[in-house]
Amino acid sequence: MPLLTFPHFPSNFLSLSRSPNNRFSPSRCRLSTTTATSSTTAILWFKHDLRTDDHPGLLAASEFQSLVPIYVFDHRILSRFSDEMLQLVLFALKDLRKSLQERGSDLMIRFGNAENVIQQLAKEVKATCVFAEQEVEHELLFVMDVVNQHLKSMKVPQDIPRVELWKTPFYDVKVQNLASSYDDFEKLRLQVTTPLQLSTLPGAEMELDWGDLPVYDDIKGFMANNRRKSQDDWNMIKETSAGTLLGREMLKSRESGERSYSFRQIKSREPNESVFVTQKGNVVGGGTYSVLNALAGYLRYLEGTARDDWQEVHDKLRASENRNGASFNALFGSALSLGIISRRRVHYEAIKYEKERNAGFLSPFGYSAATIAAAVEAVCSKEWYWILALRNHINNDGKQSTRIWRWKGFLIQYTVAGEDGPAVLLVHGFGAFGEHYRDNIHGLARSGNRVWAITLLGFGKSEKPNIVYTELLWADLLRDFIVDVVGEPVHLVGNSIGGYIVAIVARVWSVLIKSIVLINSAGNVIPRNTSISLSRQSDRQTSVATWLGSRLILFYLRLRIQELVKKCYPTKIERADDWLINEMLRASYDPGVPVVLESIFSFNLSIPLNYLFEDVKEKVIIIQGMKDPISDSNATVAMLKEHCDSVIIKKIDAGHCPHDEVPELVNSIIYDWIHKVESNILAGFSV
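Residues numbered from 1 in each chain as written. Predicted model: local features only at pLDDT ≥ 70, side-chain atom pairs only at ≥ 80, totals over all residues. Heavy atoms only, no water.

Visitor: What is the right way to read the environment of Leu 472 from this model?
Guide: Turning to its location among the elements, Leu 472 is positioned in helix α16 (residues 471-486). Spatially, the C-alpha atoms of Leu 472 and Val 505 are 9.1 Å apart, while their sequence positions differ by 33 residues. (Helix = DSSP H or I, 4+ residues; strand = E, 2+ residues; numbered from the N terminus.)

Next comes the structure, spelled out in structure tokens:
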């Protein structure tokens, strides 16, 4: 692929325009050298693109006579970051300012709401264009929309500043025209484009106050001043994982003797010491050069090294390789999320090194080193899920509000419906996705609820990274979604394994839930005095058997998916329609699916439902399809009645997925339940 140079942009270098529904929609960029005259000034707004290397926005902005790069410390954006990510931001900004200064420019630092800061700066420098990287996350799209509205409201003698969206074009193709199936996408055999080079940049045409780089305590103080006390309390909830809290509860139960359950906890290994930049030392950070240097050491892992910096990477690689290739996301995922290095640059460096190892040739049997394969597969996978998210944003038909939330650097899809009423969060089962609640989302919304349906990490069109998937990981995800997205206690609904995850959330973070609804939930009910093991996520490593087993299961599922799904709909087989089958089949070809299926062999559902319900049992209702082909519904109901007093059970004529098989009946049960719970809350009584 030839080097991409301005002004010949690929087809997916995008500008911002308005669509009829008053939302941003990308269109072809009309920017050319004729528009960047000698009297024009551009602003480049850095967000998650903290680099000068391979930066199409900077290259386009360099055609203007005057350029003002800016980073805005906006509490709405910063609130999405962990403390470790905030530290990485500061390291990256220090390097970014230095890199810009070396090229004749600088980096302005400001605090406040981005729309106010950028509007004020645009007036001050008489900007005609604001460059910003294209986003897919809902919260960032909202912020960018407000920025655009503020710019359009400006009353200035020159033209109102336009906003130009840009992206790093991994593939030279129109995203909106791509198929949604990765199987079809791979058949196109698209080549990855070449990273851009940048030399000098124009400076600002006037004296400006560029601002000082803050220190970590400054950022924490700024954040504290811009959130309510209730937000502080909720953010503290996110600091400890479900696995840690359950372990503490079990240990307390065993020592106090207050409960007669017996638990045995499996300890995880101690973390290795690291010289990485953050206090925790878990991830690669610093500036682009530092990350590229660490990447070089990572790719050359098989060669060994006498260099201390590369040896540090090798040590951390071994510590984080809890399954083959997982170390790349663990070490470099944060740098990629902040744009300290581009996905395209990672791919370029990995393939360049692969050619060096193979004397200029790529093997048809795979890459010559596991680290090369891990890097290439990770960035190609990330690009695919970004394409899916952007394609959905462009082609949204307006029937439902499908959005993207970024969790720990990974893209999570969810749907929202309803304007008023109690908050309801729907959680799907294994192999399904948020839209499996297709007739529940709007049905419950029409009944006077605000409804969220999440697609868990590893399923549907959510990202499927190379990590170890556990029920505890998904519980942590739900906790963060409730805190960060919903923002208030919810009625939590879960089907199958989703029900078990919901029960964990209710047990560990009861403050986040008003009630829980379990629909043919996974998990057992067992007598007391039974020994139970709780293994942590770090202990569940892959093996040859799980690797092979997951791929055999995947082959079998693709071959028999229609038959298997229809068996789960015994009373209304027509509900297992082509749309449902095709969407499940589509998702089965996504990159990362075999890794998700490996989790089947490491699930630990041994914590009994009756233990998880113990402190919230008055807030639990169970909907049980009595014709479930996956489990013995009669035995399940009998055990629930015997060991879960105060839990309400509704038996219905349906299979494993009653919410989709008989949605009207399930919606009616859930609606009546929520109404009862809400009425009792208003009256000051328990359920």
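Let's pick the thread back up.
Visitor: Help me out: how do you make sense of the sheet that holds strand β3 (residues 41-46) in this one?
Guide: Backbone hydrogen bonds hold the strands of a sheet together, and the pairing may be parallel or antiparallel. Ordered by their spatial adjacency, five strands build an open sheet running β5-β4-β3-β6-β7, and the pairing between neighbours is parallel. This sheet does not close on itself; its edge strands, each paired only once, are β5 (108-111) and β7 (162-166). Each strand of the sheet is rotated relative to its neighbour by a mean of 30°, with strand direction disregarded. The pairing of β3 with strand β4 (residues 66-73) spans six bridges and is parallel. When the bridges of β4 are listed, Thr 41 appears paired with Ser 66. Here helix α3 (residues 83-102) sits on the sheet in contact with β3, β4 and β5, set at roughly 170° to β4. (Pairing = 2+ DSSP bridges. Axes fitted to C-alpha atoms, helices over the stretch in contact; angles between N-to-C directions. Contact = heavy atoms within 4.5 Å.)

Visitor: Sorry if this is basic, but what is going on with the packing of aromatic side chains here?
Guide: The final tally for this structure, using the stated rule, is 20 aromatic pairs. A ring pair is formed by Tyr 71 and Phe 73, whose centres lie 4.9 Å apart and whose planes are at 75°; its orientation type is edge-to-face. The same class applies to Tyr 71 as to Phe 73, namely buried. Ring geometry for Tyr 298 against Phe 332: centres 5.5 Å apart, planes inclined by 80°, an arrangement best described as edge-to-face. With Tyr 298 in helix α10 (residues 288-299) and Phe 332 in helix α12 (residues 326-337), the pair connects residues that are 34 residues apart, well separated along the chain. Each member of the pair, Tyr 298 together with Phe 332, is buried. (Phe/Tyr/Trp six-rings, centres within 6.5 Å; stacked < 30°, edge-to-face > 60°. Buried < 20%, exposed > 50% of the residue type's maximum accessible area, 1.4 Å probe, protein only.)

Visitor: Got a minute to help me understand the environment of Lys 238 in this structure?
Guide: With respect to the helices and strands, the residue Lys 238 is situated in the loop between α8 (229-237) and α9 (242-256). For the pair formed by Lys 238 and Leu 477, sequence separation is 239 residues and the distance between their alpha carbons is 9.7 Å. The residues contacting Lys 238, other than those within four sequence positions of it, are Arg 479, Asp 480, Val 483 and Asp 484. Here Asp 484 takes part through its side chain, which lies 2.9 Å from a polar atom of the side chain of Lys 238. (Polar contact = N/O pair within 3.5 Å; in protein donor to acceptor, adjacent residues only side chain to side chain.)

Visitor: Would you explain the side chain of Arg 97 in this entry?
Guide: Note on placement: Arg 97 falls in helix α3. Its relative accessible area of 13% is what places Arg 97 among the buried residues. Of the polar contacts made by the side chain of Arg 97, one reaches the backbone oxygen of Trp 210; its length is 3.3 Å. Non-local contacts of Arg 97, meaning those with residues more than four positions away in its chain, are made with Asp 106, Leu 107, Ile 109, Trp 210, Gly 211, Asp 212 and Leu 213.

Visitor: What should I look at first to understand the side chain of Thr 52 in this one?
Guide: Relative to the elements of secondary structure, Thr 52 occurs in the loop between β3 and α1 (56-61). Exposure remark for Thr 52: the relative accessible area of 7% places this residue in the buried category. Apart from the residues within four sequence positions on either side, Thr 52 is in contact with Leu 58, Leu 96, Ser 99, Leu 100, Arg 103 and Leu 198.

Visitor: I would appreciate a short explanation of the pattern of salt bridges in the present structure.
Guide: Side chains bearing opposite charge may pair, as long as their charged atoms lie close to each other. Summed over all chains, the structure comprises 38 salt bridges. Here Glu 137 and Arg 80 are joined by a salt bridge, their closest N and O atoms 2.5 Å apart. Highlighted residues: Glu 137 in the loop between β6 (129-133) and α5 (138-152) and Arg 80 in the loop between α2 (75-78) and α3, separated in sequence by 57 residues. Note on Arg 80: relative accessible area 26%, which makes it partly exposed. For the salt bridge of Asp 315 with Arg 318, the shortest nitrogen-to-oxygen distance reads 2.5 Å. (Salt bridge = Lys/Arg side-chain N within 4 Å of Asp/Glu carboxyl O.)

Visitor: Just to check I follow, could you spell out the sheet that holds strand β16 (residues 620-625) for this structure?
Guide: Sheet architecture is open: eight strands sit in the order β9-β10-β12-β11-β13-β14-β16-β17, paired in mixed fashion. A single partner strand is all that each edge strand has here, and the edge strands are β9 (401-407) and β17 (648-652). The sheet shows a mean angle of 20° between the axes of neighbouring strands, direction not considered. Here strand β11 (residues 423-427) runs beside strand β13 (residues 490-495); their pairing, made up of four bridges, is parallel. Along β13, the bridge assignment pairs Leu 426 with Val 493.

Visitor: Honestly, α3 in this entry has me stumped. Any pointers?
Guide: Residues separated by three or four positions in an α-helix point in the same direction, a consequence of the helix having 3.6 residues per turn. Under the 1.5 Å per step criterion, the end-to-end length of α3 is 29 Å for 20 residues, consistent within 8% with the ideal 28 Å. Just downstream of α3, Gly 104 is the residue with a positive phi angle, here 95°. (Expected span 1.5 Å × (residues − 1).)

Visitor: Help me understand the packing of α10 against α12 in this model?
Guide: A pair of packed helices is characterised by two quantities: the angle between their axes and the separation of those axes. For the pair α10 and α12, the least separation of the axes is 11 Å and the interaxial angle reads 170°. Of the possible angle classes, the one that applies to α10 and α12 is roughly antiparallel. Together, Val 291, Ala 294, Leu 295 and Tyr 298 of α10 and Ser 327, Phe 328, Leu 331, Phe 332 and Ala 335 of α12 make up the contact between the two elements. Classifying every residue of the contact of α10 with α12 by side-chain character gives eight nonpolar, one polar and no charged. (Parallel < 35°, antiparallel > 145°, perpendicular 65-115°, else oblique. Nonpolar A, V, L, I, M, F, W, Y, C, P; charged D, E, K, R; others polar.)

Visitor: I'm lost on the pairing of strand β14 (residues 513-519) in this one. Help?
Guide: Among the seven residues of β14, seven are classified as buried, and the element is accordingly described as predominantly covered. Bridging between β13 and β14 involves six bridges; their strand directions are parallel. Bridge pairing links Asn 495 to Ile 519 in β14. In the classification by handedness, the crossover that spans β13, the intervening helix α17 (residues 497-508) and the parallel β14 is right-handed. The sheet contact formed by β14 and β16 spans four bridges and is parallel. Bridge pairing links Ile 516 to Val 620 in β16. (Right-handed = clockwise from strand over helix to strand, strands pointing away.)

Visitor: What should I look at first to understand the nonpolar core in this one?
Guide: In globular proteins that are soluble, nonpolar side chains generally tend to be buried together. By size, the foremost hydrophobic cluster in this structure holds 82 residues, and its most contacted members are Tyr 71, Phe 73 and Phe 328. Looking at which element gives the most residues to this core, the answer is helix α14 (residues 370-395), with 14 residues. If near-sequence neighbours (up to four positions away) are discounted, Tyr 71 is found in contact with Phe 46, Lys 47, Leu 50, Leu 78, Val 89, Leu 93, Leu 107, Met 108, Ile 109 and Arg 110. The next biggest cluster of nonpolar side chains, apart from the first, holds 61 residues, and it includes Val 427, Trp 452, Phe 481 and Cys 644. (Core = buried A, V, L, I, M, F, W, Y, C linked by side-chain atoms within 4.5 Å.)

Visitor: Sorry, what's going on with unusual backbone geometry here?
Guide: Backbone geometry follows two general trends: most residues other than glycine have a negative phi, and most peptide bonds adopt the trans configuration. Phi at Ala 359 takes a positive value of approximately 55°, unusual for a residue other than glycine. Structurally, Ala 359 can be placed in the loop between α13 (343-357) and α14. Here the phi dihedral of Lys 408 falls at roughly 55°; this positive angle occurs in a residue that is not glycine. Residue placement: Lys 408 occurs in the loop between β9 and β10 (410-417).

Visitor: Teacher, can you tell me more about the pairing of β11 here?
Guide: The two faces of the sheet receive side chains in turn, since in a regular strand these alternate between them. Across the five residues that make up β11, a large majority, five, are buried. Burial along β11 is two-sided: the residues Ala 423, Leu 425 and Val 427 and Val 424 and Leu 426 are all buried. Two strands pair when backbone bridges link them, and β11 and strand β12 (residues 450-454) are joined in this way by five bridges, in the parallel orientation. Pairing of Leu 426 across the sheet is with Ala 453, part of β12. One crossover worth recording links β11 to the parallel β12 by way of helix α15 (residues 438-446), and it is right-handed.

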